[in-house]
Amino acid sequence: MLRKIFIAVALLLATALCGAAYADWIDTYSARYKAMEEGERQAFALKEALLAEAPDLKPYELWRSLWSDLSLREKASRAMAVIEALYPEGDPSRWEEVGGFFLPQEVPKSLVALDAVFVAAQSLAQLDDEGSPWLARSLLIDLSRSRRARHHFMRKAPKEYPSIVRAIDAVTGLPPVGGWPMGEIEGELPLARPVHGWITIATAMSEEMLFLDASGRPTGSHGPYAWDRRRGRIYNVNFGRDDGAEWDG
């Protein structure tokens, strides 16, 4: 009899403890959800303000200026303007629709668009504004919704990426469901570079370069361009003999 009473009491205590833990979890989740709602509201207002502050320059000039001596807010503003100009409806989840080159420089727009998201998120994560980490979080979550962008540029990310998402999580306390895509680090910002010189397809394959298609987007097969992410260079691919290939290793 005593054993049965002990078991019953133990079950009641366990149920009470589990109920308390569940209630605490609900309270914590509700508080975080409310913080996210408020953060996203502030992020939208900040986005509109940043776009209004951006100088009236063409997307290529705005991208080039991101690597100059600007304040965090100026970088965020200009990067947001590039995002708005290059992505359909300003939506990073539609990265796969961004293609072509800025001419005559021959810089792939798809890589410029990626630079803009990473620079915007990096700047916003450090900016002293209540909405800034939430806007940074939103940009990277949207980018991760592009399957190819997630695979090529978050699971194999530039070296700045891990510190960006750590900074976002430190402020918001709310990483995306399942966590941020993580994996190998290769290369650094800026990702976009002018196409310069020639390389043989054999050398590009032996150096494990990423091929780009005629629109400057990563392709799983051979393409007319080879991107050496580690060295930050993009080459024309010579599909013929080795003669005349200009690769300096």
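The rules we used
Residues numbered from 1 in each chain as written. Predicted model: local features only at pLDDT ≥ 70, side-chain atom pairs only at ≥ 80, totals over all residues. Heavy atoms only, no water. Helix = DSSP H or I, 4+ residues; strand = E, 2+ residues; numbered from the N terminus. Buried < 20%, exposed > 50% of the residue type's maximum accessible area, 1.4 Å probe, protein only. Contact = heavy atoms within 4.5 Å. Areas by Shrake-Rupley, 256 points an atom, 1.4 Å probe, with all protein chains shown as cover. Pairing = 2+ DSSP bridges. Axes fitted to C-alpha atoms, helices over the stretch in contact; angles between N-to-C directions. Salt bridge = Lys/Arg side-chain N within 4 Å of Asp/Glu carboxyl O.

**Student:** Can you help me understand the overall build of the chain in this one?
**Tutor:** Within the chain, the secondary structure is distributed over eight helices and eight strands. Scored against the burial criterion, the 249 residues of the chain give a buried share of 44%. For the chain, long-range pairs separated by at least 24 residues make up 65% of all intrachain contacts whose partners lie at least 6 apart in sequence. Total accessible area computed for the chain in this model is approximately 13400 Å², and 54% of it derives from carbon and sulfur atoms.

**Student:** Sorry if this is basic, but what is going on with the sheet that holds strand S7 (residues 225–228) here?
**Tutor:** Strand pairing in a sheet relies on backbone hydrogen bonds, with the paired strands running either antiparallel or parallel. The strand order across the open sheet formed by four strands is S5-S8-S7-S6, and the pairing between neighbours is mixed. Taken across any chain shown, the strands that pair with only one partner, and hence form the sheet edges, are strand S5 (195–200) and strand S6 (210–212). When strand polarity is set aside, the average angle formed by the axes of neighbouring strands in this sheet is 40°. Where S5 lies against strand S8 (residues 233–238), four bridges are found, and the strand directions are parallel. Bridging from a neighbouring strand, Thr 200 pairs with Asn 238 of S8.

**Student:** I keep staring at unusual backbone geometry and nothing clicks. Help me out?
**Tutor:** A negative phi angle is the norm for most residues apart from glycine, just as the trans form is the norm for most peptide bonds. Of the consecutive residues Leu 103 and Pro 104, the connecting peptide bond is found in the cis state with omega at 5°. Cis rather than trans, the peptide bond between Leu 189 and Pro 190 has omega equal to -5°. One can find Pro 190 in the loop between strand S4 (184–185) and S5.

**Student:** What exactly am I supposed to notice about the pattern of salt bridges here?
**Tutor:** Oppositely charged side chains may form a pair once their charged atoms are brought near each other. Under the counting rule described, the total for this entry stands at 13 salt bridges. Among the salt bridges present, the one from Arg 41 reaches Glu 38, with a minimum N-O distance of 2.4 Å. Linking Arg 41 with Glu 38, this pair stays in helix H1 (residues 2–53), spanning three residues, or about one helical turn. A relative accessible area of 35% means that Glu 38 is categorised as partly exposed. Between Glu 97 and Arg 94 there is a salt bridge whose closest N-O contact spans 2.8 Å. A relative accessible area of 47% means that Glu 97 is categorised as partly exposed. Assessed through its relative accessible area of 26%, Arg 94 is described here as partly exposed.

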